[in-house]
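Coordinates in review
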Amino acid sequence: MCTLIILFKLIRGYPIVALHARYVRRGSMEYPPRVIQGEHLIFAPIDQRSQGTWIGFNDEGLLIAVTDQETGGRGGVRRSRGRLILEVLDRFEDAKSAADYLQQDDVRRSYRRANFAVLDREEGWHIIWDKRSLRRTLKEGVYAITNLTMLPWVKKTGTIEETWRYARERELRALELARDIDPTDPEGALNKVLEIARDHGRRRGRGSICYHRPSGEWFQSSATMVAVAERIEGSRIFYCPGNPCEGEFKDYSSLIGEALRGGSGSG
């Protein structure tokens, strides 16, 4: 599931700001942000089972995040999309190369349908894996990507109609709240994004960014906010386990500077 909010080239000093509210099946567990060392340094929270991530960025300022695309087509799943994100972040330095790779048919056929946000400081794309792959350019602005991007061939019937109703509610609420962000006040803007993570909108439930479902198999496992700075060492990463309305965000930004200076890189 999940809700992803992106502010692209809006906040002074931070060309990419992204908030990922992660909703998963009960029993899922994860590690807070850590450093993964390879060809590139990668900064990301990690799912304990898959050892992949849902949002992360590398030392070149390339950011990738993923949400579901709940239009069916789950058969034949063999690999973790979160592991794929780590592979792409380790391999590529810019958004165009990463987006081109994710659009290759022989790459996507082994995975479930998905929405990917792929951005660097200059360019960004929304890659949609559905019945076929689509690519939308992200210009300067605010974006909200949920667990269902409506496409011309998708019919709003049955469970898709229900999914769309709640996803659309979160999307519209995110865009509404983002209008109040002052792009000239970086600290204030980042704090406002953290406040958005706690928002319940009209009511606390499946349609709120801070997701609540007292029964059923889904729950909110965490919220992660990433701010990629013009100089990578100034980037920020905040993480809150569980529902942000009930917990606190912890600042993990020191991991970035330590890793760039040759520290241990452990989370």
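Here is a short report on the structure shown in this document. (Residues numbered from 1 in each chain as written. Predicted model: local features only at pLDDT ≥ 70, side-chain atom pairs only at ≥ 80, totals over all residues. Heavy atoms only, no water.)

Details of the sheet that holds strand S4 (residues 41-47)
- Taken in spatial order, the seven strands of this open sheet run S3-S4-S5-S6-S7-S8-S9, and their pairing is antiparallel. Among the strands making up the open sheet, the edge pair consists of strand S3 (30-37) and strand S9 (133-137). Pairwise comparison of adjacent strand axes, ignoring direction, gives a mean angle of 20° for this sheet.
- With two bridges connecting them, S4 and strand S5 (residues 55-58) associate as antiparallel partners. Looking at S5, one finds that Phe43 is bridged to Phe57.
- Contacting S3, S4, S5, strand S6 (63-68), strand S7 (114-119) and strand S8 (124-129), helix H1 (residues 81-91) crosses the sheet at an angle of about 165° to S6.
- Here helix H2 (residues 95-102) sits on the sheet and contacts S6, S7, S8 and S9; the angle it forms with S7, its principal contact strand, is near 160°. (Pairing = 2+ DSSP bridges. Helix = DSSP H or I, 4+ residues; strand = E, 2+ residues; numbered from the N terminus. Axes fitted to C-alpha atoms, helices over the stretch in contact; angles between N-to-C directions. Contact = heavy atoms within 4.5 Å.)

Some thoughts on the pairing of strand S1 (residues 3-11)
- For S1, the tally of buried residues reaches seven of nine residues, placing the bulk of the element in the interior.
- Connecting S1 to the next strand, strand S2 (residues 14-25), in antiparallel fashion are two residues, including Gly13 with a positive phi near 90°.
- Pairing of S1 with strand S10 (residues 141-145) involves five bridges; the strand directions are antiparallel. Counted as the bridge partner of Ile6 is Tyr143 from S10. (Buried < 20%, exposed > 50% of the residue type's maximum accessible area, 1.4 Å probe, protein only.)

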